[in-house]
Amino acid sequence: MSYFAAAAVRHHDKWSAAELSLSGVSDVEDVVDRLRDVAPDADLSLLFVESDDSYLVVLRLDEGEDLRVFGSDSIFAAESRLGALLLGDIEAPALEIEEPSEAPAVVDEEPAPRAIEPDVDPVGDADLLADLGVNSHRLLELCATEGLLPADVTAEVTLRIGCADEVEELREA
């Protein structure tokens, strides 16, 4: 199993990022402790974990507390130790992915949002980035788009929230 784990932390409206090693963690609390250690006084801490070009998990801490987790596909928990560790405590599925409709709805001459082909089973809090500009529908749409890798989803999300350059520097290092 290969993975990339990038912590993006915001302190006083300035983003920084650090790659995070998850080797040796025994539970999600160990992961959270490592995320907190990146910037203990951060206003917001996010962890993007991409695994095997198939799965994405996003963890969020506000002021070091109140863990929120989203996973792109519940199967990750069944297929790997890391997936089980990150997603094992999540019981609720993410918001429902819209089924494609027969005809696109038109409101004020603008097409309705694209429907999503539900070939993934996202879990957790799909709304965890809504206040940062990535609503649940957009996050679910990105995760369900055929051909997009977790790295592509992370790139799109970090671009929208304002820390793409910091995370991309980690990828290139």
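This one's a predicted model, so the numbers in the text were calculated from it and none came from an experiment. All residue numbers refer to positions counted from 1 along the written sequence of the respective chain. Totals for whole chains, interfaces and linings use every residue, but because this is a predicted model, local features are given only for residues with pLDDT of at least 70 and side-chain atom pairs only at 80 or more, for both listing and counting. As a rule here, side-chain values come from all non-hydrogen atoms in the structure, and water together with hydrogens is ignored.

1. Section: the packing of helix α4 (residues 136–144) against helix α5 (residues 150–161)
Move 1: The axes are straight lines fitted to the C-alpha atoms, using for helices just the contacting stretch, and the angles between their N-to-C directions are given from 0 to 180°. Only DSSP runs of H or I reaching four residues or more are called helices, and only runs of E reaching two or more are called strands; each is numbered from the N terminus. Put simply, α4 and α5 touch, their axes get as near as 10 Å, and they point 155 degrees apart. What the angle tells us is that α4 and α5 run roughly antiparallel. Between α4 and α5 lies a crossing whose hand is right-handed. Here R138, L139, L142 and C143 of α4 come into contact with α5, specifically with V153, E156, V157 and R160. Angles below 35 degrees are treated as roughly parallel, those above 145 as roughly antiparallel, those between 65 and 115 as roughly perpendicular, and all remaining angles as oblique. Two helices cross in a left-handed way if the nearer one is turned anticlockwise from the farther one by less than a right angle. They cross in a right-handed way if the turn is clockwise. Any two residues whose heavy atoms approach within 4.5 Å are treated as being in contact.

2. Focus on the packing of aromatic side chains
Move 1: A pair of aromatic rings is counted whenever rings of Phe, Tyr or Trp (Trp by its six-membered ring) have centres within 6.5 Å, and the orientation is called stacked for planes under 30 degrees apart, edge-to-face for over 60 and tilted otherwise. Counted by the stated rule, this structure contains one aromatic pair.
Move 2: Between Y55 and F76, the ring centres sit 4.8 Å apart and the planes meet at 20 degrees, which makes this aromatic pair stacked. Residue Y55 is located in strand β4 (residues 55–62), and its partner F76 is located in helix α2 (residues 75–79); the two are separated by 21 residues in the primary sequence. Each member of the pair, Y55 together with F76, is buried. Relative accessibility thresholds used throughout: buried, under 20% of the residue-type maximum; exposed, over 50%; partly exposed, between the two (1.4 Å probe, protein chains only).

3. What to know about the environment of R160
Move 1: You can see R160 is positioned in helix α5.
Move 2: Along the chain, R160 and L132 lie 28 residues apart, while their C-alpha atoms are 7.8 Å from each other.
Move 3: The residues contacting R160, other than those within four sequence positions of it, are L132, G133, V134 and R138.
Move 4: By the criterion applied in these results, polar contacts are pairs of N or O atoms within 3.5 Å in which, for protein atoms, one can donate a hydrogen and the other can accept it, and in which residues neighboring in sequence qualify only through two side-chain atoms. Only 2.8 Å separates the side chain of R160 from the side chain of E156, close enough to count as a polar contact.

4. Some details on the sheet that holds β4
Move 1: The sheet built from six strands is open, its strands ordered β2-β1-β3-β4-β5-β8 with antiparallel pairing. Strands with a single pairing partner mark the edges of an open sheet, and in this sheet they are β2 (14–19) and β8 (123–124).
Move 2: For β4 and strand β5 (residues 65–71), the ladder comprises five bridges, and the chain directions are antiparallel. Looking at the pairing, L59 lines up with V69 of β5.
Move 3: Lying on the sheet, α5 is in contact with β2, β3 (44–51) and β4; it crosses β3 at an angle near 160 degrees.
Move 4: Those strands touched by helix α6 (residues 164–172) are β1 (3–11), β2 and β3, and its axis lies near 20 degrees from that of β2. For two strands to count as paired, DSSP must find a minimum of two bridges between them.

5. Here we look at the confidence of the model for the chain
Move 1: Per-residue pLDDT for the chain has a mean of 88; in total, 84% of the residues score no lower than 70.
Move 2: Each residue gets a pLDDT score, which is the predictor's confidence in that residue and runs from 0 to 100. Taking the mean pLDDT of every element in the chain, the minimum, 45, falls on strand β7 (residues 110–111) and the maximum, 98, on β3.

6. With respect to the pattern of salt bridges
Move 1: Think of a salt bridge as a Lys or Arg side-chain nitrogen and an Asp or Glu carboxyl oxygen that are within 4 Å of each other. One pass over the full model with this rule turns up nine salt bridges.
Move 2: With a closest N to O distance of 3.0 Å, R36 and D33 form a salt bridge. One end of the pair is R36 and the other is D33, both in helix α1 (residues 28–38) and three residues apart, which spans about a single turn.
Move 3: For R36, a relative accessible area of 26% corresponds to the partly exposed category.

7. Some thoughts on α1
Move 1: Every buried residue of α1 is listed here: V28, V31, V32 and L35. One side of α1 holds all its buried residues, which, seen down the axis, span an arc of 100 degrees.
Move 2: Of the surrounding secondary structure, the elements contacted by the buried residues of α1 are β1, β3, β4, β5 and α3 (81–87). To be clear, the arc concerns the directions from the helix axis to the C-beta atoms.

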